[in-house]
Amino acid sequence: MPPSMPVKPHWSTEPQGRWYRWRGYTVRWLLFGLVVNVFQPVAKDVESVWVDKLYQAWIGLVFGAACAVVFTLAENRFNTPRIKWKSWLIVLATWLGVKVAFVSLIAVVD
């Protein structure tokens with residue numbers, strides 16, 4: 001009988017804890033925030049389109065970073081067995097909560 005080959009898990013081997021799998025979550029949320037914000041139309045002056053696009057990209061990255069922190073903490077706290085529907089529920093709750101916080105903050109600042 002041939003020796004069995006060890007199967008290497010496809011996920012991170014870091015110890016499970018509060019920040020388990022944070023790298024993958026962060027990359028996904030940063031890309032999401034960047035893409036969603038950069039593809040919004042520019043509503044201000046046509047002359048400063050690139051400045052507005054850079055501002056949108058910056059806000060998108062900050063939004064994505066905030067979502068990554070909230071999602072990572074919630075996923076590792078409430079969904080340790082990684083049940084798919086719970087993960088999607090946490091994704092929606094994270095997006096909604098962080099979006100409300102960002103919109104409220106922008107409304108207060110402007």
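Now for a description of the structure that goes with this document.

What counts and what doesn't
Residues numbered from 1 in each chain as written. Predicted model: local features only at pLDDT ≥ 70, side-chain atom pairs only at ≥ 80, totals over all residues. Heavy atoms only, no water. Helix = DSSP H or I, 4+ residues; strand = E, 2+ residues; numbered from the N terminus. Buried < 20%, exposed > 50% of the residue type's maximum accessible area, 1.4 Å probe, protein only. Contact = heavy atoms within 4.5 Å. Areas by Shrake-Rupley, 256 points an atom, 1.4 Å probe, with all protein chains shown as cover. Core = buried A, V, L, I, M, F, W, Y, C linked by side-chain atoms within 4.5 Å.

**Some thoughts on the overall build of the protein chain**
- On a plain count of helices and strands, the protein chain comes out with 3 helices and 0 strands.
- Going residue by residue from the N terminus, the α and β elements of the protein chain occur as α-α-α.
- Burial statistics for the protein chain: of 110 residues in total, 24% are counted as buried.
- By sequence separation, contacts in the protein chain at least 24 residues apart represent 55% of the contacts at least 6 residues apart.
- For the protein chain, the accessible surface area stands at approximately 8,700 Å², while carbon and sulfur atoms represent 72% of it.

**Concerning the environment of Arg23**
- With respect to the helices and strands, Arg23 occurs in helix 1 (residues 22-38).
- Spatially, the C-alpha atoms of Arg23 and Thr72 are 9.4 Å apart, while their sequence positions differ by 49 residues.

**Some words on the nonpolar core**
- In terms of nonpolar packing, the biggest core is built from 10 residues, these being Tyr25, Trp29, Phe63, Cys67, Ala68, Phe71, Ala74, Ile90, Val98 and Phe102.
- Elements that contribute at least two residues to this core include exactly helix 1, helix 2 (49-78) and helix 3 (84-109).
- Top element by residues in this core is helix 2. It accounts for 5 residues.
- Apart from the residues within four sequence positions on either side, Trp29 is in contact with Gly64, Cys67, Ala68, Phe71, Val91, Thr94 and Trp95.

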